[in-house]
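Now for the letters of each chain:
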Amino acid sequence: MTKKVLVWLDDNYTYLHYGICSELSKLDDFEFFGFVSNQKNLDLFTNQNKIKFTELHYFPQYYNNKPKTPDFDFLRSLETKIGLNIWQLAYSERSFLEERNFFHKFNINEILQIIEDISKFYIEFLQRVKPDFIIMQPIGESITNILLYLIAKYFGISSPMLMPLKLSNSRFLTDDYSLSELKNEFNKIKKSPPKKSQKFDQNYLKKRTQFKHVETVLKYPYGKSNFSEKISRYSKRIFSTPEPLFFNRGKTPFRMLKYRFKIHFQQKSTSSFIEKISLKSIPNKKFVYYPLSVFPEANVLFYSPYFVNQLSIIQNIAKSIPSDYILCVKEHPAQETKLWRNINFYKSLSNMPNVELIHHSNKNFDLIPKSSLVITVNNTSGFEALFFKKPVIVLGDIFYDEIQGVKKISSFSDLPNTIKKSLENSSILDFHELSYLVTAIENKELVIPYSNFISDSIFLTSKINHLSSPKKLVPDLMNFLTKYQNEFRKIAISYNEYNIKN
């Protein structure tokens with residue numbers, strides 16, 4: 001029986017998902033449907049003959065309607081029938097945020113209309129085609145993929161995603177972004193533990209540190225390019241029309257170049273200020289460690305929607321620690337590629353008497369051992385702290401929050417007492433539980449070079465945008481498929497088995 005597969009061919013995941021499909025098509029009888037956000041990719045996939053797509057939809061056309069009054073009856077049905085929290089989802093879209101309104105400030109009607117139009121398109125497509133499953137990236141990176149996931153869930157359509165597991169190259173194929181299957185595996189091992197637990201220590205972590213992923217991100221094409229290279233890249237856009245994506249609204253060649261010059265000098269000024277106020281060495285004092293998450297990112301905006309304001313979090317932690325402690329805050333090393341936060345953020349930190357900004361060149365492996373407690377929203381540092389037997393406080397849900405020594409809070413009012421208890425019971429972490437957790441991860445994980453996939457996909461995306469004809473990308477695309485053929489086959493087998501099991 002032919003299985004229908006919807007493939008998300010959007011942004012940096014386009015060629016990764018295409019590669020998975022190229023191997024999936026060899027395993028069984030599949031019928032492919034695609035959602036594409038780039039006109040040149042639409043032309044490329046329409047005219048290629050490696051994978052036959054029954055339908056390819058250029059989905060930006062479905063939400064670029066003329067301004068109108070939102071259909072509130074329909075929006076209310078999304079909230080009541082499907083269970084969407086419209087405004088929570090809207091605030092998870094980085095293009096709608098005040099900090100990211102570089103070219104266009106979206107008003108309430110525009111935001112609701114985008115959500116309405118995308119949702120109507122998805123509902124019509126899913127009800128008509130009824131795909132067996134969807135290949136998509138982890139939920140949360142844009143309002144478009146969040147809506148697709150949640151609406152598909154309502155219709156009982158599986159959307160398995162390669163979810164990250166806080167270890168280098170570690171991914172878990174699941175359509176449950178809360179990773180409850182991993183928690184269940186942990187509890188199963190804990191209930192019937194092996195006679196001898198394997199000890200996972202700092203050496204294990206150093207071999208599989210997630211910082212390898214950060215290093216790959218920092219090497220992404222254009223991520224660390226110099227000013228002249230950035231201007232050259234932006235100059236090429238003068239003669240090209242931006243895709244009609246909602247986050248491209250308001251972009252004109254003049255505005256883009258003006259913005260690039262402005263942001264260059266702003267970032268240079270902010271970088272100088274950070275260098276001036278941040279500590280290059282780790283303080284020889286008792287301290288609580290709060291590592292900042294990259295912003296904007298799904299880890300904060302979608303997975304921890306009520307802990308988005310980093311300055312507010314730091315202020316509340318600073319109010320809650322004992323008098324003989326200081327709070328050490330470290331900027332994420334990848335934040336520079338996302339643009340430094342507003343300089344006023346760092347000025348506010350410098351004015352807090354019991355807060356020190358630690359220079360981002362310092363490594364977690366140096367900071368965590370010297371800290372007394374690690375507090376995190378949803379980043380890797382909390383997981384790494386377990387290997388150093390440090391207590392952890394997490395703000396929101398995380399897959400390791402059931403381990404002894406990890407406390408989860410849902411309100412800032414819980415902070416003073418939770419911090420006090422964590423510092424008093426800093427030695428309660430059980431290495432057996434850490435062993436069960438890592439064993440659960442190893443039982444479920446797919447070990448694949450995910451960061452390299454994305455890095456190479458970004459390169460292909462950048463290249464096709466500057467080619468006169470999409471056909472010219474074919475040699476590079478074929479090299480990409482050949483380079484990762486074994487890995488794509490491994491992932492495809494997992495997708496096929498997941499579909500059969502579910």
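Above: the structure in question.
From a predicted model like this one, the values you see are computed outputs, not experimental measurements. (Residues numbered from 1 in each chain as written. Predicted model: local features only at pLDDT ≥ 70, side-chain atom pairs only at ≥ 80, totals over all residues. Heavy atoms only, no water.)

## Focus: the packing of helix H20 (residues 450–465) against helix H21 (residues 474–483)
Here is step 1 of the chain: Running from N to C, H20 and H21 cross one another at 175°; their axes reach a closest spacing of 11 Å. As summarised for this structure, H20 and H21 are arranged roughly antiparallel, according to the angle between their axes. Across from Phe453, Asp456, Ser457, Leu460 and Lys463 in H20, the residues of H21 making contact are Asp476, Leu477, Phe480 and Lys483.
Here is step 2 of the chain: Here the contact of H20 with H21 is composed, by residue class, of 4 nonpolar, 1 polar and 4 charged. (Axes fitted to C-alpha atoms, helices over the stretch in contact; angles between N-to-C directions. Helix = DSSP H or I, 4+ residues; strand = E, 2+ residues; numbered from the N terminus. Parallel < 35°, antiparallel > 145°, perpendicular 65-115°, else oblique. Contact = heavy atoms within 4.5 Å. Nonpolar A, V, L, I, M, F, W, Y, C, P; charged D, E, K, R; others polar.)

## A word on the packing of aromatic side chains
Here is step 1 of the chain: Across all of its chains, the model carries 45 aromatic pairs by this definition.
Here is step 2 of the chain: With a centroid separation of 5.0 Å and an interplanar angle of 25°, the aromatic rings of Tyr18 and Phe45 are classed as stacked. With Tyr18 in helix H1 (residues 14–24) and Phe45 in helix H2 (residues 39–47), the pair connects residues that are 27 residues apart, well separated along the chain.
Here is step 3 of the chain: With relative accessibility at 1%, the residue Tyr18 sits in the buried group.
Here is step 4 of the chain: Ring geometry for Phe453 against Tyr484: centres 4.8 Å apart, planes inclined by 85°, an arrangement best described as edge-to-face. With Phe453 in helix H20 and Tyr484 in the loop between H21 and helix H22 (485–501), this pair connects stretches of sequence that are 31 residues apart.
Here is step 5 of the chain: Cation over ring: Arg171 sits above Tyr450, and NZ or CZ is 3.6 Å from the ring centre. (Phe/Tyr/Trp six-rings, centres within 6.5 Å; stacked < 30°, edge-to-face > 60°. Buried < 20%, exposed > 50% of the residue type's maximum accessible area, 1.4 Å probe, protein only. Lys NZ or Arg CZ within 6 Å of the ring centre and 35° of its normal.)

## Remarks on the sheet that holds strand S2 (residues 30–36)
Here is step 1 of the chain: Ordered in space as S3-S2-S1-S4, the 4 strands form an open sheet in which the pairing is parallel. Sheet topology places strand S3 (53–58) and strand S4 (133–135) at the edges, where each strand pairs with a single neighbour. Ignoring strand direction, the axes of neighbouring strands in this sheet form an average angle of 20°.
Here is step 2 of the chain: Relative to S2, strand S1 (residues 3–9) runs parallel, the two being bridged by 7 bridges. Across the sheet, Val5 pairs through a bridge with Phe32, a residue of S2.
Here is step 3 of the chain: Lying on the sheet, helix H6 (residues 143–154) is in contact with S1, S2 and S4; it crosses S1 at an angle near 160°.
Here is step 4 of the chain: Strands in contact with H22 are S1, S2 and S4; relative to S4, the strand with the most contacts, it is inclined by about 155°. (Pairing = 2+ DSSP bridges.)

## A closer look at the sheet that holds strand S12 (residues 406–409)
Here is step 1 of the chain: With parallel pairing, 6 strands are arranged side by side in an open sheet as S9-S8-S7-S10-S11-S12. Pairing within the sheet leaves two strands with one partner each, and these edge strands are strand S9 (355–358) and S12. Neighbour-to-neighbour, the strand axes of this sheet turn through a mean angle of 25°, independent of strand direction.
Here is step 2 of the chain: Pairing between strand S7 (residues 287–291) and strand S8 (residues 326–330): 5 bridges, direction parallel. Across the sheet, residue Phe287 finds its bridge partner in S8, namely Ile326.

## Describing the pairing of S2
Here is step 1 of the chain: Burial runs high along S2: 6 of the 7 residues are buried.
Here is step 2 of the chain: After leaving S1, the chain enters H1 and then returns to the sheet as S2, a path that is right-handed.
Here is step 3 of the chain: Bridge analysis of S2 against S3 gives 5 bridges, and the strand direction is parallel. Residue pairing in the sheet places Phe35 in a bridge with His57 of S3.
Here is step 4 of the chain: Assessed by its sense of winding, the connection that carries the chain from S2 through H2 to S3 is right-handed. (Right-handed = clockwise from strand over helix to strand, strands pointing away.)

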